[in-house]
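# Structural overview for review
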Amino acid sequence: MMCGHCGCSSEKARLSEPGVEAHSHLHQDGDSLHLQQALLAGNDELALHNRQWLTENRITCINLMGTPGAGKTQLLEATFKGADTGWPPMAVLEGDQQTQNDARRIQACGGRAVQINTGTGCHLDAQMIQAGLTSLAPLPGSLVLVENVGNLVCPALFDLGEQHRVAMMAVTDGEDKPEKYPHLFAGCELVVINKIDLQPYLNVDLKKTKASLRRLNPRVEILELSANTGEGLDAWRDWLLTRAHHD
Ligand SMILES: Nc1nc2c(ncn2[C@@H]2O[C@H](COP(=O)(O)OP(=O)(O)OP(=O)(O)O)[C@@H](O)[C@H]2O)c(=O)[nH]1
Ligand SMILES: [Mg+2]
């Protein structure tokens, strides 16, 4: 599927569950998809289908988007390591252009993960999530965490069928990221600011970041944390658990 904004193509997106033999490939002829509206309408229809399926199966799906290297995978690793028996089952769809690194990292924490490689594509779309969910086969009542391709632009445009959107940045990204990339930050319900352990070494003014976030998105929740040291992770776990289904 061609991205109507940057022109990237995800027609060769590839799914794999590291360590599991079966592979499926997504192919889509992008010839007639140059019109941005048609593209997004087609995506929205599939996203609606995904959302219905998730609801029928009482699955909560979180779309985690953010800058490359913000610590998305590290946050997911910490989430798996900190989950006790009171947690719902969890599984991960990992989006990256190349490599199975992130799915392997989740598996090393004892989690189920399917890697979606987008090739030249810069975002996940609803079709990839549909295929990814088929491959992942999450248990009814589970929590599915989607790590989108590290990018603050195109992922914001593509509804995956998720129920919740989280935007993630790190203090090392600089305080002006929400102003520069407003769509992603305006369209999420939670912003995670990671790597606060590094703040003493930087000249980053997080007050500015938070003020611009509130201007863009007055109802947004903001969590400052360190996936490395564990500071602030309890609030993240609480946020996740209040959104998960409890049978
Ligand atoms: N100091 C510090 N480093 C962190 C923290 N979280 C992640 N990192 C480091 O940041 C780097 C990137 O972390 P990842 O978890 O791979 O980031 P990501 O957002 O998943 O990256 P992509 O999937 O490539 O977009 C790694 O070297 C992590 O060890 C943190 O809270 N503090
Ligand atoms: Mg990652």
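A brief look at the structure comes next. Given the structure is predicted, the values throughout are model-derived calculations rather than measurements.

## Digging into the environment of N217
With respect to the helices and strands, the residue N217 is situated in the loop between α7 (206-216) and β9 (221-224). Residues N217 and L190, spaced 27 residues apart in sequence, show a C-alpha to C-alpha distance of 9.9 Å. With sequence-adjacent residues up to four places away left out, N217 is seen in contact with F185, A186, G187 and C188. Polar contacts involving the side chain of N217 include one to the main-chain carbonyl oxygen of A186, which spans 3.2 Å.

## Regarding the site of ligand 1
Near ligand 1, the surroundings consist of 20 residues, among which K72, T73, Q74, R105 and D197 are the closest. Measuring from an oxygen atom of ligand 1, one finds a backbone N or O atom of G69 at 3.0 Å. In the environment of ligand 1, an oxygen atom lies 2.8 Å from a nitrogen or oxygen atom belonging to the side chain of T73. Protein chains bury 74% of the 650 Å² of accessible surface belonging to ligand 1 in isolation. Mapped by element, the contributors of at least two residues to the shell around ligand 1 are α2 (72-82) and α3 (101-108).

## Some words on the nonpolar core
Side chains that are nonpolar tend, in soluble globular proteins, to be buried together. Counting residues in hydrophobic clusters, the biggest one holds 28 residues, and the most contacted among them are L75, V166, V192, W236, W239 and L240. When contributions to this core are tallied by element, the ones reaching two or more residues are β3 (60-66), α2, β4 (90-96), α3, β6 (143-147), β7 (164-170), β8 (190-194) and α8 (233-243). One finds V114, L124, A131 and V144 within the second-largest nonpolar core, a separate group that totals 18 residues.

## Considering the coordination of the magnesium ion (ligand 2)
By definition of the ideal shapes, a tetrahedral metal site with four donors has angles of 109.5 degrees and an octahedral site with six donors has angles of 90 or 180 degrees. Looking at the metal site, the magnesium ion (ligand 2) is ligated by T73 (OG1), D102 (OD) and E147 (OE), spaced 2.0 to 2.2 Å from it. Here the donor residues of the magnesium ion (ligand 2) are spaced in sequence according to T-x28-D-x44-E. Taken together, the residues span a long stretch of sequence, with D102 in helix α3 and E147 in strand β6 at a distance of 45 residues. Owing to a relative accessible area of 10%, D102 belongs among the buried residues under this scheme. Given a relative accessible area of 3%, E147 falls into the buried group.

## So, the pattern of salt bridges
This structure, assessed with the given rule, holds 12 salt bridges. A salt bridge links D102 to R105; the nearest nitrogen and oxygen atoms lie 3.6 Å apart. Taken together, the positions of D102 and R105, both in helix α3 and 3 residues apart, correspond to about one turn of that helix. Exposure remark for R105: the relative accessible area of 32% places this residue in the partly exposed category. Note that K210 is salt-bridged to E224, the shortest N-O span being 2.5 Å. Taken as a pair, K210 in helix α7 and E224 in strand β9 lie far apart in primary sequence, 14 residues in all. K210 sits in the partly exposed class, given a relative accessible area of 26%. Linked through salt bridges whose partners overlap, the residues forming this network are E77, D102 and R105.

Thresholds, definitions, all that
Residues numbered from 1 in each chain as written. Chains lettered and ligands numbered in written order. Predicted model: local features only at pLDDT ≥ 70, side-chain atom pairs only at ≥ 80, totals over all residues. Heavy atoms only, no water. Helix = DSSP H or I, 4+ residues; strand = E, 2+ residues; numbered from the N terminus. Contact = heavy atoms within 4.5 Å. Polar contact = N/O pair within 3.5 Å; in protein donor to acceptor, adjacent residues only side chain to side chain. Near = heavy atom within 4 Å. Areas by Shrake-Rupley, 256 points an atom, 1.4 Å probe, with all protein chains shown as cover. Core = buried A, V, L, I, M, F, W, Y, C linked by side-chain atoms within 4.5 Å. Buried < 20%, exposed > 50% of the residue type's maximum accessible area, 1.4 Å probe, protein only. Donors = N, O, S within 2.8 Å, 3.2 Å for Na, K, Ca; no water. Salt bridge = Lys/Arg side-chain N within 4 Å of Asp/Glu carboxyl O.

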